[in-house]
Amino acid sequence: MDTKFIGKKSAAAGGWGALKSCGKRLLQSGMPISGARTMLKANQPDGFDCPGCAWGDPEHGSSFEFCENGVKAVAWEATEKRATPAFFAEKTVSQLRQLTDYELELNGRLTHPMRYDAASDRYLPVAWEDAFAEIGSILTGLDNPNRAEFYTSGRASNEAAFLYQLFVRVYGTNNFPDCSNMCHEASGIAMRQAVGVGKGTVLLEDFEEADAIFVIGQNPGTNHPRMLGDLRRAAIRGARVVVFNPIRERGLERFSDPQDKVEMLRGGSTDIANLYLQPQLGGDMAAVRGMAKAVLGAEDAAVAAGLPSVLDHAFLAEHCAGFAEYRAAVEATNWADIEDQSGLSRQEIERAADVYINAERVICTWAMGVTQHLHSVATIREIANFMFLRGNIGRPGAGLCPVRGHSNVQGDRTVGINEKPSDDFLDVLEKHFRFTVPREHGHNVLAAIGAMLDGSAEAFIGLGGNFARATPDSALVEKALRRLKLTVHIATKPNHSHLMPGETAFILPCLGRTEVDLNAAGNSQLISVEDSMSMVHGSAGINRPASSHLLSEVAIIAGIAQATVGSAVVDWAELANDHDRIRDHIEATIPGFENYNTRLRKPRGFHLRNTAAHREWDTPAGKASFSSEALPDETVHQRARKGGGRFALQTFRSHDQYNTTVYGLDDRYRGVYGERQVIFIHPADLEAMNAKAGDRVDLVGEHDDGIERIAENFRFVPYDIPRGSIAGYYPELNVLVPLGSAGRESDTPTSKSIMVSFRRRKTA
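Residues numbered from 1 in each chain as written. Predicted model: local features only at pLDDT ≥ 70, side-chain atom pairs only at ≥ 80, totals over all residues. Heavy atoms only, no water.

**Details of the overall build of the chain**
To be explicit about the condition: Here a helix means four or more residues in a row that DSSP labels H or I, a strand means two or more in a row labelled E, and each is numbered from the N terminus. Here the radius of gyration uses the C-alpha set of atoms, whereas the globule reference equals 2.2 Å times the residue count to the power 0.38. Between two residues, a contact is recorded if the distance between any of their heavy atoms is within 4.5 Å. Surface accessibility in these figures is a Shrake-Rupley result with a 1.4 Å probe; residues are shielded only by whichever protein chains are displayed. The charged-residue count follows a simple rule in which Lys and Arg add positive charge and Asp and Glu add negative charge, with His and chain termini not counted at all. A charged residue contributes its charge at one atom only: NZ of Lys, CZ of Arg, CG of Asp or CD of Glu.
Scanning the chain from N- to C-terminus turns up 31 helices and 29 strands. Its C-alpha radius of gyration of 25 Å places the chain within 12% of the 27 Å reference for a compact globule of 764 residues. C-alpha extents for the chain along the principal axes are approximately 80 × 65 × 55 Å. Look at the contacts in the chain between residues 6 or more apart in sequence, and 79% of them connect residues 24 or more apart. When the accessible surface of the chain is split by element, carbon and sulfur atoms take 49% of a total near 26900 Å². For the chain, the distance from the average position of its 82 positive side-chain charges to the average position of its 96 negative side-chain charges is 5 Å.

**Things to note about the packing of aromatic side chains**
Note the following rule: Put simply, two rings from Phe, Tyr or Trp (the six-membered ring, in Trp's case) pair if the centres are within 6.5 Å, and we call them stacked under 30 degrees between planes, edge-to-face over 60, tilted for the rest. A 1.4 Å probe rolled over the protein chains alone gives each residue an accessible area, and that area as a share of the maximum for its type sets the label: buried under 20%, exposed over 50%, partly exposed in between. Two thresholds decide whether a charge sits over a ring: the Lys NZ or Arg CZ must be within 6 Å of the ring centre and within 35 degrees of the ring normal.
This structure, assessed with the given rule, holds 30 aromatic pairs. Their ring planes at 70° and their centres at 4.9 Å tell us that F87 and F88 sit as a pair that is edge-to-face. Of the residues examined, F87 reaches a relative accessible area of 10% and is grouped as buried. With a relative accessible area of 2%, F88 lands in the buried category. Between the aromatic rings of F167 and W572, the centroid separation amounts to 6.4 Å while the plane-to-plane angle is 90°, which identifies the pairing as edge-to-face. Of this pair, F167 sits in helix α8 (residues 158–171) while W572 sits in helix α27 (residues 572–577); the two residues are 405 residues apart in sequence, bridging distant segments of the chain. Exposure class is identical for F167 and W572. Each is buried. Clustering of aromatic rings is evident, with ring pairs tying together F315, F323, Y326, F388, W617 and F626. A cation over an aromatic ring shows up here: R248 above the ring of Y276, its NZ or CZ 4.0 Å from the ring centre. Its end group placed over the ring of F606, R599 keeps NZ or CZ at 3.9 Å from the ring centre.

So, in structure tokens, the structure goes:
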């Protein structure tokens, strides 16, 4: 059996392996020297914001921070390769569709606006003015603005996102399917219910003061590597790090900081997790409920023994609502159910609770391992409950920290990308711009796909991203896009969404984050982004544009807006030519942006005030609110074990990818090389099936909607993961994620809890 693709895992995250990987990607870009120089300006006050993750920059400033994935993102964008009109002339769209995501994007940066020609099945060059005019004509020709969908990727700047939502609302709809619908939607909903604001309550500086950090359903080594530096520094000074993650992730075990010369020269590394627990998929809520039960048990024991209280009674009395009901719910939850649902023993959970009890200041972080389940909102409410018990909200070194993915996914929401906008925001927008704002709630991602499938949506415009590959149920989404009257994709490189054209289809190439954007006066334009810690900072490109035909995202939006709604309400050309004017409008309509242009130009920008961090609770109760919801009746792993041969699947990234962008085919942290069609599985599960490493299987979806979903030709990789749970990469496995399975309240696809079975393939 061929197992050459399975090799040695890195001994630690980072280290020489990270430096080697960065060098490889810079060489692959064809611009190793200029690429390295460009990296020196990443996340710097006089440079550009990294187009990768949304991990925060310290408010007090810092020197250059090495980040492997940041280098990959910059090299990917700053490549010398070009996808010119000649590239599109060589192959039909049908032929390009046969390429993998990796192969397609290797062709480099888009250079010209392109229009799909159905007769030749090819994209042909088109003038910008003609593209804008035809897009505007089709949009104005729809019988209802709600028949158009306006998607946003988290890479868009605050300025582009604000202009986009303004144009779409002048046009007449709130249809804003957004990448956040597929990741942290549950975090925003749950935190607004619990503390009154849907953002994290911590600053990066809080990690310097925390006594304990709980990392739940998160893999920072791959998804936001700069976080490892903060975890490493916390571990070195004695903070305890507790991890809940079904799969063993190298970055949460050990990290070798490439910026620590001594550690690098000695070949050393630093232990990260003091306690690493592996719950079953979907078992996090039960695990956190178990810790709360242990904390309340310790409180009872302390009271009985006349010892100091474990709970922060002052915080609970002054700042919290619903504690008595929550305590009753915890006491009614028995340990047998907690152990069965979490997949952890009572002893393991109590060890984690002891860390919490003995820490004065605690931060809890989480990501999509928590948010992509049916009961994600309830799980995050449970995390908030747990943190309330000892007052770990609203003081230094403590708080809630959902770690966002793309660099400005949080900022896009702040400036108005929301299919369910508040009346207050719409009122201000209407008064400031003097037009009638649409009030009907619009479509999120799943609703947009449904509308495209049933014919009620006829047009799609994508501001960045790779919608077809990021979304669930890949075959259905392809069908949905190709039946539209109009598809428009604003992008830097060709991707698979472009190969699913509607009746009329455009690819509109934009400037990258690293590139200079000059206005009519020849002045460099500044954009801004917001990170996971609500820090807003400026970003200005330094590289020459990949093509003289490129426009900024702002200019493209303005061009479409002008051709669609005219300039009676907004002078789009003026705003495109001067981003300061866009920021003036943001300042006038969105709280927290006072003196926006002045504060943005200060090193590290400014912080958007978080009311919950100041113990001001914008909730119906006027206090931090406990949730007393019971544990789920059944989680995905509990359902899977009822049927013979069924498994609970989660999708995740390889170490050589970011979102749907695949930089390479190696996942050295997990010991997989040159292969992406793999399934990580417990060795005992392989043995029980009489299977071996490298055996080939098809994965068959087990959703009960009558639709056949099959992912073909995947190979087994034995791994340290709970029995009955398996894992593999997206977007390859998105074909198995059903549109009909979404988080309660969040409507987020349940990409971490997919029921599947295996079908063996014959060996070649």
